[in-house]
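# Tertiary structure, described
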Amino acid sequence: MREVRLVFSKTDRCKYISHLDINRCMARALARAKIPLWFTEGFNPHPYMSFSLPLSLGVESNCESVDIRITGDISNDEIKKRMNEMLPSGIRIMSVYDDFRDCSEIAFSDYVFKIEFKDNETALERINAVLSSDEILAQKKAKQGRRRVIKETDIKPLIDKYTVSVRGRDIILNARLAAGNDKNLNPSLLFDTLIRLIDMDFEWKSISRIALLDKEYNIFK
């Protein structure tokens, strides 16, 4: 038995597939591709799969990964080939390799936000004003007893770095956000907070996760 990591992209319409459904999709593709998987023991055997970091619904990515355990003699190139023949368009295996790091070492995620405003220059000024402020109060749904309430939380400490610019018809926000088990900022929460605070009409284009990094800012693999 050996353990391998499959790095995959999730784009186009597949960005609207939930993390739970991605899990099911990958399991079915592995079965159809006849990958010799190692199964857990017990009354309900199932293939071992471990995903790196759940991706928010509606966010694209080219750096997702799932770890599997395999038995038998099959090359990493063959695993990649068979899987890409079975997966739907929008999900593609980009690489398969051994000798990888534990997912607990993930500390940051890099994202690219693309947004179009009628007045991009004004939007740029307002976004910069929000991001450079001492605190950025996001509104999160929470439970208080049986009631659902809105609580404010400061997400400023969870934004490690950012740049904002105008490119063509779009505002481009590159942001490095806290990720992992201890601290994690959902990119959708950052997006919703920015739009609420700048109070401008917009046309949403995309949010993409482009890299996972460790605490030393090295690419996580």
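In this convention, every chain numbers its residues from 1, walking through the sequence in written order. Local features in this predicted model are restricted to residues whose pLDDT is 70 or higher, and side-chain atom pairs enter the listing and the counts only when it is 80 or higher, whereas totals over whole chains, interfaces and linings include all residues. For side-chain calculations, the full set of non-hydrogen atoms in the structure is used, while hydrogens and water are omitted.

Attention shifts here to the packing of aromatic side chains. For Phe, Tyr and Trp, rings pair up if their centres lie within 6.5 Å, where Trp contributes its six-membered ring, and each pair is then called stacked (planes under 30 degrees apart), edge-to-face (over 60) or tilted (otherwise). Evaluation of the coordinates by the stated rule reveals 5 aromatic pairs. Seen from their ring centres, Phe-191 and Phe-202 are 5.6 Å apart, and the 80° between their planes marks the pair as edge-to-face. Of this pair, Phe-191 sits in helix H4 (residues 187–198) while Phe-202 sits in strand S10 (residues 202–213); the two residues are 11 residues apart in sequence, bridging distant segments of the chain. Among the residues examined, Phe-202 registers a relative accessible area of 37% and is labelled partly exposed. Every member of this aromatic cluster is reached through a ring pair, and the members are Phe-117, Phe-191 and Phe-202. Lysine and arginine charges are scored as sitting over a ring when NZ or CZ, respectively, is within 6 Å of the ring centre and within 35 degrees of the ring normal. Over the ring of Trp-38 we find Arg-69, and its NZ or CZ is 5.2 Å from the ring centre. One cation-aromatic arrangement involves Lys-221 over Tyr-97; the distance from NZ or CZ to the ring centre is 5.2 Å. We count a stretch as a helix when DSSP gives it H or I for four or more residues in a row; a strand needs E for two or more, and each element gets its number in order from the N terminus. Only protein chains enter the area calculation, which uses a 1.4 Å probe; residues under 20% of their type maximum are buried, those over 50% are exposed, and those in between are partly exposed.

Attention now goes to the pairing of strand S6 (residues 137–144). Two strands qualify as a pair provided DSSP detects at least 2 bridges between them. With 8 bridges joining them, S6 and strand S7 (residues 147–154) adopt antiparallel strand pairing. Looking at the pairing, Ala-142 lines up with Val-149 of S7. Here S6 hands over to S7 after 2 residues, with Gly-145 in that stretch at a positive phi of 70°.

A few words now on empty space enclosed by the protein. Cavities and pockets are found on a 1 Å grid laid over the protein atoms alone: a cavity is a set of points where a 1.4 Å probe fits but cannot escape, a pocket is an open set with protein on both sides within 12 Å along at least five of seven lines, and a lining residue has an atom within 4 Å of such a point. Grid points are joined across faces, edges and corners, and a volume is the space filled by probe spheres set on the points. Inspection of the entire model under this criterion finds 1 cavity of 30 Å³ or more. There is about 90 Å³ of room inside the largest cavity. Together, Phe-8, Lys-10, His-19, Ile-22, Phe-51, Ser-52, Leu-53, Pro-54, Leu-55, Glu-64 and Ser-65 line the largest cavity. Mapped by element, the contributors of at least two residues to the lining of the largest cavity are strand S1 (2–10), helix H1 (19–32) and strand S3 (60–70). Grouping the constituent residues of the lining of the largest cavity by class yields 6 nonpolar, 3 polar and 2 charged. Amino acid classes used here: Ala, Val, Leu, Ile, Met, Phe, Trp, Tyr, Cys and Pro are nonpolar; Asp, Glu, Lys and Arg are charged; the rest, including Gly, are polar.

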